[in-house]
Protein chains: 2
Amino acid sequence: MLMHLPPTREDFEARARVMKALAHPTRLMMIEELSRGERCVRDLRDLADCDLSTVSKHLSLLKDAGMVEDEKRGKQVYYRLRVPCVLNFFHCLDSVLTARDRLTGL
Amino acid sequence: MLMHLPPTREDFEARARVMKALAHPTRLMMIEELSRGERCVRDLRDLADCDLSTVSKHLSLLKDAGMVEDEKRGKQVYYRLRVPCVLNFFHCLDSVLTARDRLTGL
DNA sequence: GAAACGCTTGGCAATATTGCCAAGCGAAAA
DNA sequence: TTTTCGCTTGGCAATATTGCCAAGCGTTTC
């Protein structure tokens, strides 16, 4: 996508696909945790407090969106951020939340 | 949310709610259009190419999420961004897309 | 080889999202 | 007042998402 041109419908769809992949509290938590380093599925499961299969599916979804990558080492599969700049994203998100809540009266 | 503390489950849920509100191509397009100034529902409908009622529901959703506000003037209802910093968000999003697609081999 | 481990996948039910049509509603125009 | 305009809402069907259990699968350990 060339940024000096107006975004096309396809651009908005591509953006929306990534947004959707991130638009879940558990997946946001996983991204945040992976920002501290690679983790195996079990590690993430312990934080997420849901079924291991559920965690695995969330991770597949993030992988399909290109946000994480995995590597099998020994018995475990380790996941890590593939696109670390996704973290800047969170700062923007928190700015939006803060700005909104200030308007609303905290 | 105090940023020097680790995010809680509620923080992730609050973030996810905003992400979900934005995670739709039509709504992303609307936000982008509103970044150029206020628009009435009809204006947005012409760009979105879907039913007026659909546009109206997308706008309600964005309003509930605190992203836009509306004002009735004359016959029309004008919408505008309530939290302009949501635009920074798009820059981050595009960085993520660009970084990912570079890794994938464009 | 057999068993255990770590994870993924299939299947399914519950829930949420999407988008249309039709109806409603308040303000403005006639 | 009646009609029109601009938009919102109700209702609904189609589709997508979510999360569990159970089963499967490849390694590793025994």
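Being a predicted model, the structure only gives us computed values, none of them experimental. (Residues numbered from 1 in each chain as written. Chains lettered and ligands numbered in written order. Predicted model: local features only at pLDDT ≥ 70, side-chain atom pairs only at ≥ 80, totals over all residues. Heavy atoms only, no water.)

1. Some points on the state of the cysteines
1) Next: Counting across every chain of the model gives 0 disulfides over all chains.
2) Next: A:Cys40 takes part in no disulfide bond, and the closest cysteine sulfur to it belongs to A:Cys50, at a distance of 14 Å. (Disulfide = S-S within 2.5 Å.)

2. What to know about the interface of chain A and chain B
1) Next: On the side of chain B, 40 residues touch chain A, which itself brings 40 residues to the contact.
2) Next: Together chain A and chain B conceal approximately 3500 Å² of surface at their shared face, both sides included; 76% is due to carbon and sulfur atoms.
3) Next: There are 4 salt bridges connecting chain A and chain B.
4) Next: With its nearest N and O atoms 3.3 Å apart, the salt bridge here joins A:Glu32 to B:Arg15.
5) Next: Only α1 (9-22), α2 (25-34) and α5 (86-104) of chain A provide two or more residues apiece to the side of chain A that touches chain B.
6) Next: Ranked by residues supplied to the side of chain A that touches chain B, first place goes to α5(A) with 14 residues. (Contact = heavy atoms within 4.5 Å. Buried area = accessible area lost by both parts, 1.4 Å probe. Salt bridge = Lys/Arg side-chain N within 4 Å of Asp/Glu carboxyl O. Helix = DSSP H or I, 4+ residues; strand = E, 2+ residues; numbered from the N terminus.)

3. Looking at α5(A)
1) Next: An ideal rise of 1.5 Å per residue puts 27 Å on 19 residues; α5(A) measures up with 27 Å between its terminal C-alpha atoms.
2) Next: Turning to α5(A), its buried residues are A:Val86, A:Phe89, A:Phe90, A:Cys92, A:Leu93, A:Asp94, A:Val96, A:Leu97 and A:Arg100.
3) Next: Contacts from the buried residues of α5(A) go to α1, α2 and β3 (76-81) of chain A together with α1 (9-22) and α5 (86-104) of chain B.
4) Next: Two residues or fewer past α5(A), A:Gly105 is found with a positive phi of approximately 95 degrees. (Expected span 1.5 Å × (residues − 1). Buried < 20%, exposed > 50% of the residue type's maximum accessible area, 1.4 Å probe, protein only.)

4. A closer look at α1(B)
Helical periodicity: at 3.6 residues per turn, an α-helix aligns residues three or four positions apart in one direction.
1) Next: Here α1(B) contains 14 residues, and its C-alpha end-to-end distance of 20 Å stays within 8% of the 20 Å for a straight helix at 1.5 Å per residue.
2) Next: Burial in α1(B) covers these residues: B:Asp11, B:Phe12, B:Ala14, B:Arg15, B:Ala16, B:Val18, B:Met19, B:Ala21 and B:Leu22.
3) Next: Where α1(B) is buried, its residues contact α1, α2 and α5 of chain A together with α2 (25-34), α4 (52-64) and α5 of chain B.

5. Description of the protein's contact with DNA strand C
1) Next: Taken together, the neighbourhood of DNA strand C is formed by 22 residues, with A:Ser53, A:Ser56, A:Lys57, A:Tyr79 and B:Thr54 sitting nearest.
2) Next: B:Arg27 is positioned with one of its side-chain polar atoms (N or O) 3.2 Å from a phosphate oxygen of DNA strand C.
3) Next: Listed by contribution, the elements that provide at least two residues to the surface near DNA strand C are α3 (41-48), α4 (52-64) and β3 of chain A together with α4 of chain B.
4) Next: Within the surface near DNA strand C, the residues separate by chemical class into 6 nonpolar, 8 polar and 8 charged. (Near = heavy atom within 4 Å. Polar contact = N/O pair within 3.5 Å; in protein donor to acceptor, adjacent residues only side chain to side chain. Nonpolar A, V, L, I, M, F, W, Y, C, P; charged D, E, K, R; others polar.)

6. A closer look at the relation of the copies chain A and chain B
1) Next: With an RMSD of 0.0 Å, chain A superimposes on chain B once it is rotated by 180 degrees and translated 0.0 Å along the axis. This pairing of chains is accounted for by a two-fold axis.
2) Next: Of the residues that chain A buries at the interface, 100% are likewise interface residues in chain B, meaning the two copies contact each other through the same surface. (Least-squares fit on C-alpha atoms with pLDDT ≥ 70 in both.)

7. Examining the nonpolar core
1) Next: Counting 65 residues, the largest nonpolar core has A:Leu22, A:Met67, A:Phe89, B:Leu22, B:Met67 and B:Phe89 as its most contacted members.
2) Next: Among residues more than four places away in sequence, those in contact with A:Phe89 are A:Met19, A:Leu22, B:Met19, B:Phe89, B:Cys92 and B:Leu93. (Core = buried A, V, L, I, M, F, W, Y, C linked by side-chain atoms within 4.5 Å.)

8. Focus on the sheet that holds strand β1 (residues 39-40) of chain B
Residue and element names in this part refer to chain B.
1) Next: One open sheet accounts for 3 strands, arranged β1-β3-β2; its pairing is antiparallel. The strands lining the two open edges of the sheet, one partner per strand, are β1 and β2 (68-73).
2) Next: Bridge count for β2 against strand β3 (residues 76-81) is 6 bridges, and the pairing is antiparallel. Within the sheet, the bridge partner assigned to Lys72 lies in β3 and is Val77. (Pairing = 2+ DSSP bridges.)

9. Topic: the environment of B:Ser56
1) Next: Structurally, B:Ser56 can be placed in helix α4.
2) Next: As a C-alpha pair, B:Ser56 and B:Arg42 span 14 residues in sequence and 9.3 Å in three-dimensional space.

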